[in-house]
Amino acid sequence: DTLDALQTAGEGRWGELVKMRFVAFTGNTGAARATATATSAARRDDRINAYLVAPGADALPFVVAAAQLAKIARVANSSPAVGYGAIPVKSIVPGADSLQWDHGARNTAKGEGCSTVVVVDDVLQINDVVTFYRPTGEEPPAYREVVQIIKLMNAIYNVNLVYSAREWAAAPLLPDGAITTLAQARTPRSAKAAILPTLMGLEADAIITSAVAAFKATTATIDGSNPDRVNIDVPFQVSGNTVVKAITMRWGFNFRRNAAFIDA
């Protein structure tokens, strides 16, 4: 019931008039992977809730969540494009080594909408941080990685700053090519131009992949039925993260033949 309430409230925050999204984190100390992921596995359309785990840890679940989230929030606030893998959480004593999930179990857990951790030198480290979201047929799920949601939050916030500013509040709106001496007047062309610095800033912060491509694809038009409305479409691609590393090592051996051992 609590997860349902959080999901309903969180989805409301995605509304275009609210623009204040959130992710809700719950601690999970279940040692058995299947038991720990039972709830997340059943909530395939939930992009609001997420588990933060510590398999077998002798700590209250909310303490596990708070300890990890303190680390995650610090990175999300200072460097929103950076993920959370390999962050140590020394305040949580991990469960026994025999209770830790191996690589296969962690992959399965992530596939069931559950975050994961690893234990390195007896220190718990954050690994995957994901929401429960993974609709059937959507691979990879768009809103699974929490860091991607954080990037979207930053992009939406910064784009909104541009057009909620005073100069866009109630400026005269003219079609492209109109001749005016009023500095406050705006056109679809100026609406598109206004977004370029923001896109460049988002690329500089590694939040989106290509500001130039996003700007070229941006369109702005005066609405056909409402002369007080300018329709602005800003398509952009969120950057990825090095969650998966596929490494191929190639080597050879140098066998030198010593001339002294070769018959004439």
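The structure under discussion appears in the preceding block.
None of these values were measured; they are calculated from a predicted model.

S.K.: Looking at this structure, I do not really get the side chain of Asn-49. What am I missing?
M.R.: Mapping Asn-49 onto the fold places it in strand 2 (residues 49–53). In terms of polar contacts, Asn-49 uses its side chain to reach the backbone carbonyl oxygen of Leu-3, at 3.1 Å. Aside from chain neighbours lying at most four places away, what touches Asn-49 is Leu-3, Leu-6, Gln-7, Ala-24, Arg-43, Thr-131 and Phe-132.

S.K.: What's the story with the packing of aromatic side chains in this structure? I'm lost.
M.R.: When we look at a pair of aromatic rings, we describe it by the centre distance and by the angle of the planes. Counted by the stated rule, this structure contains five aromatic pairs. Judged by centre distance (5.6 Å) and plane angle (70°), the ring pair of Tyr-163 and Trp-168 falls under edge-to-face. We classify Trp-168 as buried; its relative accessible area is 17%. It is Arg-47 that lies over the ring of Trp-14; its NZ or CZ is 4.3 Å from the centre. The ring of Phe-215 has Lys-192 lying over it, and the distance from NZ or CZ to the ring centre is 5.0 Å.

S.K.: Looking at this structure, I do not really get a nonpolar patch on the surface. What am I missing?
M.R.: Taken together, the side chains of Ile-247, Met-249, Trp-251, Phe-253 and Phe-255 define a hydrophobic patch exposed on the protein surface, amounting to about 800 Å² of accessible area. Within the fold, Phe-255 resides in the segment after strand 7 (230–233).

S.K.: Help me out: how do you make sense of unusual backbone geometry in this one?
M.R.: The phi angle of most residues is negative, glycine excepted, and most peptide bonds adopt the trans form. Here Glu-139 and Pro-140 are connected by a cis peptide whose omega angle stands at 0°. With respect to the helices and strands, the residue Pro-140 is situated in the loop between strand 5 (123–126) and helix 6 (146–163). With a phi close to 65°, Asp-122 is a non-glycine residue in the positive phi region. Of note, Asp-122 is situated in the loop between strand 4 (117–120) and strand 5.

S.K.: Before we go on, may I ask you to explain helix 7 (residues 188–204) in this structure?
M.R.: Owing to its 3.6 residues per turn, the α-helix brings residues three or four apart onto one side. Between its terminal C-alpha atoms helix 7 stretches 26 Å, which fits the 24 Å expected from 17 residues at 1.5 Å a residue. Taking the largest bend as the criterion, helix 7 deviates by roughly 25°, centred on Leu-196, and proline Pro-197 comes between one and four positions later. Here helix 7 has its buried residues at Pro-188, Ala-191, Ile-195, Thr-198, Leu-199 and Leu-202. Those residues of helix 7 that are buried are in contact with helix 6, helix 8 (211–217), strand 6 (219–222) and strand 7. Immediately beyond the C-terminal end of helix 7, within one or two residues, lies Ala-206, with a positive phi of roughly 65°.

Analysis parameters
- Residues numbered from 1 in each chain as written.
- Predicted model: local features only at pLDDT ≥ 70, side-chain atom pairs only at ≥ 80, totals over all residues.
- Heavy atoms only, no water.
- Helix = DSSP H or I, 4+ residues; strand = E, 2+ residues; numbered from the N terminus.
- Polar contact = N/O pair within 3.5 Å; in protein donor to acceptor, adjacent residues only side chain to side chain.
- Contact = heavy atoms within 4.5 Å.
- Phe/Tyr/Trp six-rings, centres within 6.5 Å; stacked < 30°, edge-to-face > 60°.
- Buried < 20%, exposed > 50% of the residue type's maximum accessible area, 1.4 Å probe, protein only.
- Lys NZ or Arg CZ within 6 Å of the ring centre and 35° of its normal.
- Patch = residues over 30% accessible without salt bridge, like charges linked within 9 Å, V, L, I, M, F, W, Y side chains within 5 Å.
- Areas by Shrake-Rupley, 256 points an atom, 1.4 Å probe, with all protein chains shown as cover.
- Salt bridge = Lys/Arg side-chain N within 4 Å of Asp/Glu carboxyl O.
- Expected span 1.5 Å × (residues − 1).
- Bend = angle between axes of the 7 residues up to and from the residue.

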